[in-house]
Amino acid sequence: MNFKKLMTVFLTGFFLLVLAGPGRAQVQLEVKEHVLPNGMKILMIPKPGVPRVVCHIYYKVGSINERPGTTGSAHIHEHLMFKGTKMMGVTDYAADEALNRQIDDLMNKIYREKYWKRDGDQAKIADWQKQVDELAKAEKKYIIKDDLWGTYMKNGGTGLNASTSDEVTGYYVTLPSNKVELQMLLEADRMMNAYFREFYSEKDVIMEERRLSENQPGYYFNEQVRAAFYAASPYHWDVIGWMDDLKKVTKEDLIEFHNKYYVPNNAIAIYVGDFKPEAVVALAEKYFGAIPQGAEVEPVRTGEPPQYSEKRMYGQGPGMPSVQLWFHIPPDGDQDIPALNLLASILSGETGRLNKSLVKEKDLAIRAMAMSRPQWYAGAFTFNIVPKLQKGAKPEEVEKAVWEEIDKVKADGVTPEELQKAKNKTEASFIRSLESPMFLAMRVGRAELNRGWRSLLTDLEDMKKVTSDDIKKVAAKYFVKDNSLVAIYSRSQGR
Amino acid sequence: MKKTIILIFGFLFLFSAASLLTAQVTRPENLKFPPLQFEPPQPASFRLVMANGLRGYIQEQRSLPMVNISAIINTGSLYVPKDKAGLEAILSECLIKGGTKTRTGSAIEDRLDFLGGTINFSVGERTATLSLSVLSKDLDEGLDIFFDLLMNPEFREDSLKLAKGKIIEQMRGINDNPSLVLSREFEKVLYGDCPLTYEATKATVEAVNQADLKAFHRKYFFPKNIILAGAGDFNRNQLKTKINKYASKWANQPLNFPSISRNFPQPEPGVYFIQKKINQGYINIGHLGLEDTNPDYFAVQVMNFILGGGSFTSRITSKVRSDEGLAYNCGSRFTYRWGFPGTMAGYVQTKSSTVGYAISLILKEFDRIRQEPVSEAEMETAVNYFLESFADFFQSPARTMINFANLEMQGKPMNYYTTYRDKIKAVTKDKVMEAAKKYIHPDKMVIMIVGDYEPCNQGSDKFPGPLDRLGKVHRVKLLDPLTGQLVE
């Protein structure tokens, strides 16, 4: 294959972002793009200076791509991506694979006996488990522990991590600028040749991770709130997944998951730091370009249907009490989103309406904020208030005070000063987000997977056009009882 | 054997790269990287001394129209008397919200918000930091507010009332979060009752008044007791002139820091159990550590990387998490505090039934690193990690200036970064073992567990209980967060 003959698109976006108003500075956000023939996109933001390069890979897959029975898979898979490949993490692949096949066969039997039958044969299970333990012990001699991680570390990799969200899974490392090739090699290898060693003990690790969340005050309640709010869409479950699914999901499920989503046409790589784009492009062609294109991935099918009813929840447990109001809003990219985002900004923060009214004037709460979270397929606008117990504030009083603020917006909109403040804050925080190479990579990379990274700039422009009337309109449209969930949590030391 | 396979593999790859590219890549060891030179920035080139001895580390960085500037003040919770514990939290809340002689807190917050700027103040153990971030077009206005807050805070009553209400409300929940309970109670056992561990109660918070805050401010906030750190879109000389306008009107005063005892109790080794009805045990195993100015610091860093600080490449993570699947989060850490020994601890959170087993594995690793030399491969990974990631310290100019300011404030050698790599290179396998023997004492371990006693005590196959197999079990009772008294 001759690379020079390949059809490639090399686009350079050079953006001059001119901030409105006299005396305002100009900001440049320069993102270079390169699309490989297999559909994988490479984004580059050169920042000469300290000889480090932030190297991130993002896959367009997250917990919304799961289904009941496999919840938590996107995150389990992210863990498994550190458990080796056909080349990494193993001294003798053939011998290791033979053992693994035996382990999988036994574990499948155990799962069937345990989870498919009402009264599984405990003796059989124990016997098979013993055999598994023996095989796992025998396998150890072929395993190079955390080979990929160790390789990154000894080459000065920092910010080494991965994360799974509802929509995106990311793999992160920052390397010395002479070692970008290492990331390409390792990431291309695990995209293509992932091999899930120690699958079963890793599931135990993830169950411990879930328990850590469960022991955070308020976790169980908030997990239920989310599940109640999203009745149909896959935002229904948390990224960590339900404990039952973590127990029962199989290695086959995860292999299927990998083959479907971990293909170059469902991924992007982004580089921010001290490098020459031509060099990165050449390396990307060599490593990522060699991976065969996969089948096209279908977007998530199930959106969130209209609620047509008010939902209310009450819960008790450890931690701070809270009053939450949730409203369904359209997804990211909808024309109503800029007004909703600005409204959240106007309501929130130390100088926001909620703090001024609920905390300072009425003395009902110690914290009061609103958030607009459009997400990719189904959005939420949430109010989150921590009531002040010393004052004996009743949660319903707090709820009423929130509705009063909502009604004010519906009736009178917002003031020109508030609107301008929110716009200035949004713009300045955008500029601030360009400072850290790591956050820049995250922001641009994630935006790219949904509506393209340029949406960061067009969203800013759309935001500037929002009027008080627009805000009045969206408040009236979305902040209605039939579109709401109210969740009231109070402190108890019970559980 | 392994090497041969790799070589053959690499060989094949070279010869047939063009045709084989569809599925295979070579082992990373075969990559050749171009050389990379990096010399760290020198603190002296950024240091400024302004009027009245106000010092600063200031770097121009013109790529974005922003300015970040911090004032690091040599004061902190360490100097708050026991009967006013919590003053630091009120000060953190009220320096900005309490306004200045000529501006109310709301006016300050409204204005900065309108400009898209941010301003934050927080009080730590021995340093307090006021940080401003503004677009460079707003620098003058930002500086005016920044110095007004540093020089003329008013701590208005309404801000105190709100702050106290918030702090007391949050106090109710401080025994709810198991990891916070663990770290707090662990320090209380290791350091005893002293200024490092004083805790606020409702009464001590309510005892703090405007005069206390003003007195605390008057005592510590003056030019010679502050170092600035700033980076952004400005001209350095012009910035100096602007700052001098304020600093020249700001008088210094004499200051004697209260002396704090460095004698800490020797807690009885064993298990310290805190009951909480949760499904995991949250565990710390350790004792006091050392200061980061200790000449052994670098050897300890390398040793701890291998033991449990180097995430997946470290022994504890590899054993407890990767081999046994017992925990998501585990390892070992040395913490450091300015002027006092920090702590040394192995840590893990695991389901109740495997608490004893996980602890036994960590204890084994403590013994092993004291008795056996670490391997060449472990040394190579650890040392190379510190050397190759060195430039990361300097990724953010604002952060670099803060680091330099902290070096000077804590009286550390200003060539800390210049000599850093040589000091890492000087660590040998022998020094690692020596450091382990000197700073890890299995016979003195406090094993603290926050969890549900019965299932933890019962254990499981690999480590059946009871927990007193690990040492005498002390049951620690939590205090009522509001009163600081024991509750039943």
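Residues numbered from 1 in each chain as written. Chains lettered and ligands numbered in written order. Predicted model: local features only at pLDDT ≥ 70, side-chain atom pairs only at ≥ 80, totals over all residues. Heavy atoms only, no water.

Asks: Even after reading the chapter, I still don't get the state of the cysteines, so can you show me in this structure?
Replies: One covalent bond between the sulfur atoms of two cysteine residues makes up a disulfide. Counted by the stated rule, this structure contains 0 disulfides over all chains. Lacking any disulfide linkage, cysteine 456 of chain B is separated from the closest cysteine sulfur, that of cysteine 330 of chain B, by 17 Å. (Disulfide = S-S within 2.5 Å.)

Asks: Where do I start with the interface of chain A and chain B in this structure?
Replies: By convention, interface size is frequently given as the accessible area that disappears when the constituent parts associate. At the interface, 88 residues of chain A touch 81 residues of chain B. Taken together, the two surfaces of chain A and chain B that pack against each other cover about 7,300 Å², and 58% of this comes from carbon and sulfur. One can count 11 salt bridges joining chain A with chain B. Residue aspartate 147 of chain A is joined to arginine 27 of chain B by a salt bridge in which the shortest nitrogen-to-oxygen separation is 2.8 Å. Seen at the junction of chain A and chain B, the total is 32 residue pairs in polar contact (both at pLDDT 80 or more). Broken down by secondary-structure element, the contributors of at least two residues to the side of chain A that touches chain B are α4 (147-154), β6 (169-176), α5 (180-193), α6 (199-214), α10 (277-287), α12 (353-361), β10 (365-373) and α14 (416-433) of chain A. The dominant element in the side of chain A that touches chain B, judged by the number of residues it contributes, is α6 of chain A, at 9 residues. In terms of residue class, the side of chain A that touches chain B is made up of 33 nonpolar, 23 polar and 32 charged. (Contact = heavy atoms within 4.5 Å. Buried area = accessible area lost by both parts, 1.4 Å probe. Salt bridge = Lys/Arg side-chain N within 4 Å of Asp/Glu carboxyl O. Polar contact = N/O pair within 3.5 Å; in protein donor to acceptor, adjacent residues only side chain to side chain. Helix = DSSP H or I, 4+ residues; strand = E, 2+ residues; numbered from the N terminus. Nonpolar A, V, L, I, M, F, W, Y, C, P; charged D, E, K, R; others polar.)

Asks: Even after reading the chapter, I still don't get the packing of aromatic side chains, so can you show me in this structure?
Replies: Describing an aromatic ring pair means giving the distance of the ring centres and the angle of the ring planes. With the rule as written, the count across this model stands at 55 aromatic pairs over all chains. Relative to tryptophan 326 of chain A, the ring of phenylalanine 229 of chain A has its centre 5.0 Å away and its plane inclined at 55°; by these criteria the two rings are tilted. With phenylalanine 229 of chain A in helix α7 (residues 219-229) and tryptophan 326 of chain A in strand β9 (residues 322-329), the pair connects residues that are 97 residues apart, well separated along the chain. This pair shows no difference in class: phenylalanine 229 of chain A is buried, exactly as tryptophan 326 of chain A is. An angle of 65° between the planes, with centres 6.4 Å apart, marks the rings of phenylalanine 264 of chain B and phenylalanine 340 of chain B as edge-to-face. Here phenylalanine 264 of chain B is found in the loop between α9 (236-247) and β7 (270-275), whereas its partner phenylalanine 340 of chain B is found in the loop between β9 (330-334) and β10 (343-351), with 76 residues between them in sequence. Note on phenylalanine 264 of chain B: relative accessible area 16%, which makes it buried. Take phenylalanine 340 of chain B: its relative accessible area is 4%, and that puts it in the buried class. Between arginine 190 of chain A and the ring centre of phenylalanine 82 of chain A, over which it is positioned, the NZ or CZ distance is 4.5 Å. The side chain of arginine 475 of chain B reaches across the aromatic face of tyrosine 453 of chain B, ending 4.0 Å from its centre. (Phe/Tyr/Trp six-rings, centres within 6.5 Å; stacked < 30°, edge-to-face > 60°. Buried < 20%, exposed > 50% of the residue type's maximum accessible area, 1.4 Å probe, protein only. Lys NZ or Arg CZ within 6 Å of the ring centre and 35° of its normal.)

Asks: How should I be thinking about the pairing of β9 of chain A in this particular structure?
Replies: Walk down a regular strand and you will see the side chains alternate between the two sheet faces. All names here are of chain A. With 8 of its 8 residues buried, β9 lies for the most part within the structure. Residues Ser322, Gln324, Trp326 and His328 of β9 are buried on one face, and the alternating residues Val323, Leu325, Phe327 and Ile329, pointing to the opposite face, are buried as well. Bridging between β9 and strand β12 (residues 484-491) involves 6 bridges; their strand directions are antiparallel. Across the sheet, the residue bridging to valine 323 is isoleucine 488, located in β12. (Pairing = 2+ DSSP bridges.)

Asks: How do you make sense of the confidence of the model for chain A when you look at a structure like this?
Replies: Detailed reading of the predicted model is not advised wherever pLDDT is low. Overall, the prediction assigns chain A a mean pLDDT of 92, with 94% of residues at 70 or greater. Scored below 50 in pLDDT, residues 1-26 of chain A makes 52 contacts in the model with residues more than four places away or belonging to other chains. (pLDDT = per-residue confidence, 0-100.)

Asks: Even after reading the chapter, I still don't get the packing of helix α11 (residues 337-347) of chain A against helix α17 (residues 468-478) of chain A, so can you show me in this structure?
Replies: When two helices pack together, their arrangement is given by the angle between the helix axes and by the axis-to-axis distance. Residues and elements named next belong to chain A. Contact geometry of α11 with α17 gives a least axis separation of 9 Å together with a crossing angle of 95°. Judged on the interaxial angle alone, α17 and α11 are roughly perpendicular. The residues of α17 that touch α11, namely those facing Ala339, Leu340, Leu342, Leu343 and Ile346, are Asp470, Ile471, Val474, Ala475 and Tyr478. Its residues assigned to classes, the contact of α11 with α17 shows 9 nonpolar, no polar and 1 charged. (Axes fitted to C-alpha atoms, helices over the stretch in contact; angles between N-to-C directions. Parallel < 35°, antiparallel > 145°, perpendicular 65-115°, else oblique.)

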